[in-house]
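# A closer look at the structure
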Amino acid sequence: MAESFDIIIIGSGPGGYVTAIRAAQLGFKTAIVERAYLGGICLNWGCIPTKALLRSAEIFHYMQHAKDYGLAAEKVSYDAAAVVKRSRGVSKRLNDGVGFLMKKNKVSVIWGEAAIDAPGKVTVKPAKSEAAKNSDAPKGALGPGTYEAKHIIIGSGPGNWCGPISKPWSRSACRSRCW
Ligand SMILES: Cc1cc2nc3c(=O)[nH]c(=O)nc-3n(C[C@H](O)[C@H](O)[C@H](O)COP(=O)(O)OP(=O)(O)OC[C@H]3O[C@@H](n4cnc5c(N)ncnc54)[C@H](O)[C@@H]3O)c2cc1C
């Protein structure tokens, strides 16, 4: 028999994981489905890693202008690989943090690609994307299968299902409207 939840949320980006935490805190038996990386675009590819890269660029800029601040910095240079490594590290820390928050709030993580086959029925298949192959499901995650829920929430916005579900906007339309 399919495992049953009060609420299943599809997508663990900022929209999805925060919803999941709140639902669980309110006493609902909650699950979240993710096909790639916990934390979604924002934590793994968007807001967070780009700001980490920008921070390196900012510090580089300050070092080049150290004299303006009464400081001295000689032979200022950069190591692009190390800058990217730092950015990936920051993302990984937050990605792990979402896994921790799911566990702490007793939200079940289901790993794979979700589809809504019928009202209240979510089918999860192994994810096809390259990202998913490279990422690790958090310990204890449930696998592909059929799950039931009283409520299904699509917790995936601008990056994926932006706009009305019946007629999602294109990615570029989402970018101009949502950012
Ligand atoms: C380069 C870049 C920089 C950005 N910078 C900022 C910024 O500085 N500030 C800001 O506010 N916003 C920024 N954004 C926008 C921000 O990333 C998005 O607004 C935010 O990620 C949307 O969150 P979300 O939860 O709606 O969806 P997403 O973060 O897109 O998460 C959706 C999740 O759902 C999963 N998923 C989708 N479909 C399925 C399925 N069928 N089955 C299972 N899982 C599924 C995806 O794998 C993904 O993990 C940036 C975006 C990019 C690309």
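Refer to the structure presented above.
Below: a short report on this structure. Numbers given for residues are sequential positions, taken from 1 along each chain in its written order. Given that the model is predicted, a residue must reach a pLDDT of at least 70 before its local features are reported, and side-chain atom pairs must reach 80 or more before they are shown or counted; all residues, however, enter totals for whole chains, interfaces and linings.

## So, the overall build of the protein chain
- On a plain count of helices and strands, the protein chain comes out with six helices and six strands.
- Helix and strand assignments come from DSSP, with helices taken as H or I runs of at least 4 residues and strands as E runs of at least 2, each series counted from the N terminus. Reading the secondary structure of the protein chain in the N-to-C direction produces β-α-β-α-α-α-β-β-β-α-β-α.
- Buried positions account for 28% of the 179 residues belonging to the protein chain.
- Residue pairs in contact within the protein chain that sit at least 24 positions apart in sequence constitute 70% of those at least 6 positions apart. A residue is called partly exposed when the number of other C-beta atoms within 10 Å of its own lies between 12 and 20, exposed at 12 or fewer, and buried at 20 or more, with C-beta atoms placed from the backbone. Residue pairs qualify as contacts under a 7 Å threshold applied to their C-beta atoms, which are placed from the backbone.

## Looking at unusual backbone geometry
- In this structure, lysine 75 is a non-glycine residue whose phi angle is positive, near 45°.
- With respect to the helices and strands, lysine 75 occurs in the loop between α3 (47–64) and α4 (80–104).
- Under the C-beta neighbour-count criterion, lysine 75 is labelled exposed, with 4 such atoms within 10 Å.
- The phi angle at lysine 106 is positive, at roughly 60°, despite the residue not being glycine.
- Take lysine 106: it is sitting in the loop between α4 and β3 (108–111).

## Structural notes on the sheet that holds strand β2 (residues 30–34)
- In this analysis, strands are considered paired if DSSP registers two or more bridges between them. In spatial order, the strands read β3-β2-β1-β6-β5-β4; together these six strands make up an open sheet with mixed pairing. Both edges of this open sheet fall to β3 and β4 (113–118), since each of them pairs with a single strand only. Each strand of the sheet is rotated relative to its neighbour by a mean of 45°, with strand direction disregarded.
- In this structure, β2 lies alongside β3, joined through four bridges in parallel fashion. For isoleucine 32, the partnering residue across the bridge sits in β3 and is valine 109.
- Orientation is described by axes fitted as lines to C-alpha atoms, over the contacting stretch for helices, and by angles from 0 to 180 degrees between their N-to-C directions. Along the sheet face, helix α1 (residues 14–25) touches β1 (3–10), β2 and β6 (145–154) and points at about 165° away from the line of β2.

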